[in-house]
Amino acid sequence: VKHFAQPAREGAGARPGREEAEAAVRTLIAYVGDDPDREGLIETPARVVRAWEELCRGYRESPAAALERTFEDVGGYDDLVLVRDIPFVSHCEHHMLPILGRAHVAYYPGEVVVGLSKLARLVDVFAKRLQTQEKLNTEIADALHATLKPRGAAVMIDAEHLCMSLRGACKGGARTVTTRFTGLFRDDPGEQLRFLALLGRGEPG
Ligand code: ZN
């Protein structure tokens, strides 16, 4: 899990300071045609920078920490665990506009299980970064697999990309669905169908 534990800034230069970030927002305000010195906008660069610190806090979090507390005593339970409809807000790396969606996260426990809320935290570790949906989906599934060592992990993401709804194609309501399977989910199409059926998306049986 080593490569997940560090912020994804390989190849990035030194992190700029907050003042530099605020100056960039001022420039953007002027670029779109407004006056960054008028009263209503004077505090905006500071607010925008604070908002982005929160929206991108995932760079400072690690999946290993999110999944740290595990349990071995589960009364012999060894079947699939599914947490569905985990809401998330991420931002696309192409336009920095919101991706609003839900993640469905399942695994077959190996030696341990993890608190259910921790799976939601895991989603946020990667959602609170600049993302593509494909990469977000892969990172969640692979980090779950690497950290918890389950017999298999399955992740589906269903999301609306506001860069597609608000600009360009302007197709509001279009949703993108992605999946990633590891372990026995990857090896057994029947397990994939069971996962999809539990989400109300598969063929019955
Ligand atoms: Zn985009």
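Draft legend 1. Region of the structure containing the overall build of the protein chain. Along its length, the protein chain carries 9 helices and 7 strands. Each principal axis of the C-alpha atoms in the protein chain carries an extent, and together these give about 65 × 35 × 30 Å. Counting across all 205 residues of the protein chain, residues that qualify as buried make up 39%. Contacts in the protein chain between residues at least 24 apart in sequence constitute 68% of all its contacts with a sequence separation of at least 6.

Draft legend 2. Expanded view of the confidence of the model for the protein chain. Averaged over every residue, the pLDDT of the protein chain is 92; the share at 70 or more is 92%. Low pLDDT (under 50) marks residues 1–6, which in the prediction has 10 contacts with non-local residues, meaning those over four places away or in another chain.

Draft legend 3. Representation of the coordination of the zinc ion. Within the first shell, the zinc ion binds the protein through Cys92 (SG), His95 (ND1) and Cys163 (SG), at distances of 2.2 to 2.3 Å. If you list the donors of the zinc ion from N- to C-terminus, the spacing comes out as C-x2-H-x67-C. In this pair, Cys92 sits in strand S2 (residues 81–92) while Cys163 sits in helix H7 (residues 162–166), placing the two residues 71 residues apart along the sequence. Assigned by exposure class, Cys92 and Cys163 land together as buried.

Draft legend 4. View of the sheet that holds strand S5 (residues 130–131). Taken together, the 5 strands give an open sheet; going across it, the order is S5-S2-S3-S6-S7, and neighbouring strands pair in mixed fashion. Where the open sheet ends on each side, the last strands, each with one partner, are S5 and strand S7 (176–182). Most of the contacts of helix H6 (residues 133–148) go to strand S6 (residues 152–161), to which it runs at about 155°, and overall it touches S2, strand S3 (98–108), S5, S6 and S7.

Draft legend 5. Fine view of the pairing of S3. Judged by how many residues are buried, S3 sits mostly within the fold: 8 of 11 residues are covered. Counting the residues in the hairpin turn of S2 and S3 gives 5 residues, including Met96, whose phi is positive at 60°. Pairing of S3 with S6 involves 10 bridges; the strand directions are antiparallel. Across the sheet, residue Ala103 finds its bridge partner in S6, namely Ile157.

Draft legend 6. The arrangement of the nonpolar core in detail. Core analysis: the largest hydrophobic core is formed by 31 residues, its most contacted members being Phe88, Val105, Tyr107, Leu119, Ile140, Leu144 and Ile157. With residues up to four places along the chain from it excluded, the contact list for Leu119 reads Leu67, Val83, Ile86, Val105, Tyr107, Val114 and Leu144. Listed in part, the 10 residues of the second largest apolar core include Ala106, Phe181, Phe185 and Leu199.

Draft legend 7. Representation of the pattern of salt bridges. Taken as a whole and judged by the stated rule, the model has 12 salt bridges. Residues Glu93 and Lys135 are paired through a salt bridge, measuring 3.5 Å at the closest nitrogen-oxygen approach. Of this pair, Glu93 sits in the loop between S2 and S3 while Lys135 sits in helix H6, and the two are 42 residues apart along the sequence. Glu93 sits in the partly exposed class, given a relative accessible area of 36%. The shortest N-O distance in the salt bridge between Asp187 and Arg186 comes to 3.4 Å.

Draft legend 8. Just the packing of helix H2 (residues 18–32) against helix H3 (residues 44–55), in detail. Where H2 contacts H3, the axes come no closer than 8 Å and their chain directions differ by 115°. Our pair here, H2 against H3, has a crossing hand that is right-handed. Judged by residue contacts, Arg18, Ala21, Glu22, Val25, Arg26 and Ile29 of H2 engage Thr44, Pro45, Ala46, Val48, Val49, Arg50 and Glu53 from H3. The residue inventory of the contact of H2 with H3, partitioned by class, reads 7 nonpolar, 1 polar and 5 charged.

Conventions and cut-offs
- Residues numbered from 1 in each chain as written.
- Predicted model: local features only at pLDDT ≥ 70, side-chain atom pairs only at ≥ 80, totals over all residues.
- Heavy atoms only, no water.
- Helix = DSSP H or I, 4+ residues; strand = E, 2+ residues; numbered from the N terminus.
- Buried < 20%, exposed > 50% of the residue type's maximum accessible area, 1.4 Å probe, protein only.
- Contact = heavy atoms within 4.5 Å.
- pLDDT = per-residue confidence, 0-100.
- Donors = N, O, S within 2.8 Å, 3.2 Å for Na, K, Ca; no water.
- Pairing = 2+ DSSP bridges.
- Axes fitted to C-alpha atoms, helices over the stretch in contact; angles between N-to-C directions.
- Core = buried A, V, L, I, M, F, W, Y, C linked by side-chain atoms within 4.5 Å.
- Salt bridge = Lys/Arg side-chain N within 4 Å of Asp/Glu carboxyl O.
- Left-handed = near helix turned anticlockwise from the far one by under 90°.
- Nonpolar A, V, L, I, M, F, W, Y, C, P; charged D, E, K, R; others polar.

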